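Each chain, written out:
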Amino acid sequence: MNCWANTRPHHLYHCSASTLCWPQKQFVSYHPLLAAQFSILLSDKVSFPKESMAINVNSSQHIPVFPAAAASDSNGDVHESSKNGMLNGKTAKGSGTTARNRRLLKVREEKRKREYDHLHNYPAWAKVLEDACKYDEELRAVLGDSIGNPELMRKRVEERVRTKGRDFQKSKTGSVLAFKVSFRDFNPVDSYIWFELYGSPSDRDVDLIGSVIQAWYVMGRLGAFNSSNLQLANSSMEYNPLYDADQGFEVMPSSFHDISDVEFQDNWGRFWVDLGTSDFFAIDVLLNCLTVLSSEYLGIQQVVFGGRRMGDWEEGMTSTDDGYKHFKI
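Residues numbered from 1 in each chain as written. Predicted model: local features only at pLDDT ≥ 70, side-chain atom pairs only at ≥ 80, totals over all residues. Heavy atoms only, no water.

S.K.: Whenever I open this one, the nonpolar core confuses me. Can you help?
M.R.: The nonpolar side chains of soluble globular proteins are, as a tendency, buried together. Counting 29 residues, the largest nonpolar core has Phe195, Trp216, Phe271 and Val303 as its most contacted members. For this core, the secondary structure elements donating two or more residues are β6 (191-197), α7 (203-221), β8 (262-265), β9 (268-274), α9 (281-296) and β10 (300-306). Those residues within four positions of phenylalanine 195 in sequence are excluded, and the remaining contacts are Ile209, Val262, Phe264, Asn267, Trp268, Gly269, Arg270, Phe271, Ile300, Gln302 and Val303. With seven residues, the next largest nonpolar core counts Leu129, Cys133, Leu143 and Met153 among its residues. (Core = buried A, V, L, I, M, F, W, Y, C linked by side-chain atoms within 4.5 Å. Buried < 20%, exposed > 50% of the residue type's maximum accessible area, 1.4 Å probe, protein only. Helix = DSSP H or I, 4+ residues; strand = E, 2+ residues; numbered from the N terminus. Contact = heavy atoms within 4.5 Å.)

Here it is as structure tokens:
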């Protein structure tokens, strides 16, 4: 006969081995799970003699007391849903979607919205830029990872325009057409060299052309264009070639004598030159430089060696208000 057999499940009684069981003040809260735990433990460890109804404790093991985990109302009764969950030894499962599913649903909704905006609200100019990126490496480098974001694409292009300067929209890219070369009574020691551009040059274009002419003059001034000392021009590089430094030192030097500043009026430019004792292949070197300059950076329509006046050039017009620009050599 168990001590708790004729009592309510959640009423506990204090018992000793020499006395009868008497009701004592309850020392745990009303909790069905706790009462069940006590009943299991007491059924194995405690026995009651019939004649005295005293408790004979066979073991000195202490009965563990677990804190209540279920919520109760104001009357001390545990909610039915909590009883069922706790008695089964499992926590009641919540209903609805998990946080991960909600995040995935949100991501899918945002993706569908972006695709809809891309098809129906995407600017036409942005589509043009995306198509152009397939064939233009420079534009692709400018836009970078902004493709697909019109606002970021606009900022990248505006930033590029600011770095290029106020003349960004002017024609200053390379030309796919080769420029024309002509000679008009060209005198190597006293002549102008003219070049016609596709448009009025910007300050950047003036610096670019002027730097090329200046480098060409510096090389000529140092005797670079001397055909008398071309020891390696026709040598094969498959084997280690030999260079005779004494022969190069004894060759008669040749150098440029003088050159003027590079001047611009509208889309025409010119500079005066005295090649001095330099060989004519200096002209070939200059044309090779201008060919790459025209195809990659600044389009050139034609180059003219010699002549006193080309296009609408006016002597003495040196005012910047009239479109005059120059590069100091």
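S.K.: Looking at this structure, how should I read the pairing of β10?
M.R.: A regular strand carries its side chains on alternate faces of the sheet. Burial runs high along β10: six of the seven residues are buried. Taken together, the five bridges between strand β5 (residues 180-184) and β10 define a ladder with parallel strand orientation. In the sheet register, lysine 180 faces β10, and the bridge partner there is glutamine 302. Here β6 runs beside β10; their pairing, made up of five bridges, is antiparallel. (Pairing = 2+ DSSP bridges.)

S.K.: How should α9 be read in this particular structure?
M.R.: The periodicity of an α-helix, 3.6 residues per turn, causes residues three or four positions apart to be oriented the same way. Compared with an ideal rise of 1.5 Å per residue, which puts 16 residues at 22 Å, α9 spans 23 Å between its outermost C-alpha atoms and is within 8% of the ideal. Looking at α9, one finds that the buried residues are Ala282, Ile283, Leu286, Leu287, Leu290, Leu293 and Ser294. For α9, the angular spread of the buried residues around the axis is 135°, confining them to a single face. Along α9, exposed side chains directed more than 90 degrees from the buried face belong to Asn288 and Glu296. Summarising the contacts, the buried residues of α9 are in contact with β5, β6, α7, β9 and β10. (Expected span 1.5 Å × (residues − 1). Arc of directions from axis to C-beta.)

Keep in mind these numbers describe shape, not what the thing actually does.
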